[in-house]
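Structural overview
Below, each chain spelled out in residue letters.
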Amino acid sequence: MDHAAAWMAAVLQVIEDEIEELAEAGQTVMTQPITALDIYRVVRRTVDPPPSVDEVAAVLEFLSSPLVGGVLKTEGGYLPGLEAETVAQRLLDLAEPLVGAQERATATAAYYGRLPDDEDDDRF
């Protein structure tokens, strides 16, 4: 898993953990927004190499996209969005066409890369 994916997973985990702690305390809704700095303080101990505060903020911005819906951007920070499983499925759905395009491009490059430069190709 590359660093950005690890950071994204760690950010979502911190938010889920916060929701669980609130639920255990009897609070059903997270009312105070969480900030990039709040998340950074937890994530820096759990991810190697740790992201910077700016990188955590970038992950939160990405997760706040309506296409992803992982968090909701508010004036004071971020609130939980969709469940992590839903976010994961959305990310997979978004990645699928890109992965397919990359695989097709790689296969095409490999196919045409087999022809020596000096060989005349009568197919075209």
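Relevant structure appears above.
Report follows, based on the coordinates. Sequence order as written defines the numbering, with residues in each chain counted from 1. The predicted nature of this model means local features are confined to residues of pLDDT at least 70 and side-chain atom pairs, given and counted, to a pLDDT of 80 or more, with totals for whole chains, interfaces and linings taken over all residues. As a rule here, side-chain values come from all non-hydrogen atoms in the structure, and water together with hydrogens is ignored.

**Considerations on the overall build of the protein**
Numbering of helices and strands runs from the N terminus; a helix is a DSSP stretch of H or I covering at least four residues, while a strand is a stretch of E covering at least two. Looking only at helices and strands, the protein features 4 helices and 2 strands. Along the protein, from the amino end to the carboxyl end, the secondary structure elements read α-α-α-β-β-α. Each residue is placed in one exposure class: buried if its accessible area under a 1.4 Å probe, protein chains only, is under 20% of its type's maximum, exposed if it is over 50%, and partly exposed if it falls in between. Counting across all 124 residues of the protein, residues that qualify as buried make up 24%. For the protein, the proportion of contacts with a sequence separation of at least 24, taken over those separated by at least 6, is 50%. What makes two residues a contact is simply this: any of their non-hydrogen atoms within 4.5 Å.

**Digging into the packing of helix α1 (residues 3-24) against helix α2 (residues 36-43)**
In contact at an axis separation of 10 Å, α1 and α2 are set at 105° when each is read in the N-to-C sense. Classified by the angle their axes make, α1 and α2 are roughly perpendicular. Seen from α1, the contacting residues are Ala10, Val11, Val14 and Ile15; seen from α2, they are Ile39, Val42 and Val43. All residues other than Ala, Val, Leu, Ile, Met, Phe, Trp, Tyr, Cys, Pro, Asp, Glu, Lys and Arg, Gly among them, are scored as polar; the first ten of these are nonpolar and the last four charged. Across the contact of α1 with α2, the residue classes tally to 7 nonpolar, no polar and no charged. In this analysis, axes come from line fits to C-alpha atoms, helices being fitted only over the stretch in contact, and the angle between any two N-to-C directions falls in the range 0 to 180 degrees. Angles are sorted into four bins: roughly parallel if under 35 degrees, roughly antiparallel if over 145, roughly perpendicular if 65 to 115, and oblique for all others.

**Section: the pattern of salt bridges**
Salt bridge, as used here: a side-chain nitrogen of Lys or Arg that lies within 4 Å of a carboxyl oxygen of Asp or Glu. In this structure the tally under the stated criterion is 1 salt bridge. Measuring nitrogen to oxygen at the nearest pair gives 2.8 Å for the salt bridge that ties Lys73 to Glu61. Highlighted residues: Lys73 in strand β1 (residues 71-74) and Glu61 in helix α3 (residues 53-63), separated in sequence by 12 residues. Looking at Lys73, the relative accessible area reads 54%, which means it is exposed.

**Concerning the side chain of Ser64**
Tracing the backbone through its elements, the reader meets Ser64 in the loop between α3 and β1. A distance of 2.7 Å separates a polar side-chain atom of Ser64 from the backbone oxygen of Glu61. Ignoring anything within four residues of it in the chain, the contact list for Ser64 reads Val71, Lys73 and Tyr78. We call two N or O atoms a polar contact when they sit within 3.5 Å, provided that within protein one can donate a hydrogen and the other can accept it, with sequence-adjacent residues counted only if both atoms are side-chain atoms.

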